[in-house]
Amino acid sequence: MHHLLWPEGTPEEHRKELEPILLSGRYGTMPMAIFVSENKDGSPTGFVEVGLRSHADGCDTAHPVGFVEGWFVQENFRRQGIGRALLQAAEDWARQQGCTEIASDTWIDDDRSQHAHQALGFEVVDRCVHFRKPLIKPSE
């Protein structure tokens with residue numbers, strides 16, 4: 001499912017990223033949790049990854065914030081309350097970490113994700129286009 005949400009990564013890259021989280025409950029130095037939903041036969045239907053961040057856009061900078069790093073429900077299981085239940089698990093986890101807010105982000109052109117977030121109580125706090133520029137060493 002990771003590959004379905006983030007197809008630019010290879011299955012091997014996803015495995016390497018997930019392994020330390022599953023073994024330690026941490027990503028780098030910060031706590032992180034992954035909640036998985038299953039259908040009646042035990043097959044996975046969706047997941048949410050939630051972590052702790054020192055800050056997030058639009059949130060109170062005096063407190064750490066829960067952050068939804070990834071949230072996915074397989075197409076044929078959508079609109080059944082699975083996404084809502086996964087997000088509720090993420091919110092409960094963030095509360096247990098002492099958070100008073102949870103944040104998330106999505107691509108600016110992903111209307112479906114934006115609507116899902118807003119339907120579950122998220123509010124838009126910013127819209128941003130990120131830039132980068134390589135720094136080339138000046139010639140001597």
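Anything mentioned here points back to the structure above.
Below: a short report on this structure. (Residues numbered from 1 in each chain as written. Predicted model: local features only at pLDDT ≥ 70, side-chain atom pairs only at ≥ 80, totals over all residues. Heavy atoms only, no water.)

## A short note on the pattern of salt bridges
Our working rule: Note on definitions: salt bridges are taken to be side-chain nitrogens of Lys or Arg within 4 Å of carboxyl oxygens of Asp or Glu. Here a helix means four or more residues in a row that DSSP labels H or I, a strand means two or more in a row labelled E, and each is numbered from the N terminus. Burial status follows relative accessibility: with a 1.4 Å probe on protein chains alone, a residue under 20% of its type maximum counts as buried, one over 50% as exposed, and anything between as partly exposed.
By the definition in use, this model includes 5 salt bridges. A salt bridge links Arg-53 to Glu-69; its shortest N-O distance comes to 2.9 Å. With Arg-53 in strand 3 (residues 44–53) and Glu-69 in strand 4 (residues 65–73), the pair connects residues that are 16 residues apart, well separated along the chain. Owing to a relative accessible area of 31%, Arg-53 belongs among the partly exposed residues under this scheme. Residue classification places Glu-69 among the partly exposed positions, given a relative accessible area of 27%. Across the pair Arg-95 and Glu-91 runs a salt bridge whose closest N-O atoms are separated by 3.9 Å. Here the residue Arg-95 and the residue Glu-91 both occupy positions in helix 3 (residues 82–96), the gap between them amounting to 4 residues, near one helical turn. Beyond isolated ion pairs, a larger network of salt bridges with shared partners links Glu-75, Arg-78 and Arg-112.

## Some details on helix 3
Formally: Any helix carries an expected span of 1.5 Å times its number of residues minus one. The criterion used for residue contact is that any of the two residues' heavy atoms lie within 4.5 Å.
Taking 1.5 Å of rise per residue, 15 residues should cover 21 Å, and helix 3 covers 21 Å from first to last C-alpha, within 8% of that figure. Listing the buried residues of helix 3 in full gives Ile-82, Gly-83, Leu-86, Leu-87, Ala-90, Glu-91, Trp-93 and Ala-94. Looking at the packing, one finds that the buried side of helix 3 touches strand 2 (30–38), strand 3, strand 4 and strand 5 (102–104).

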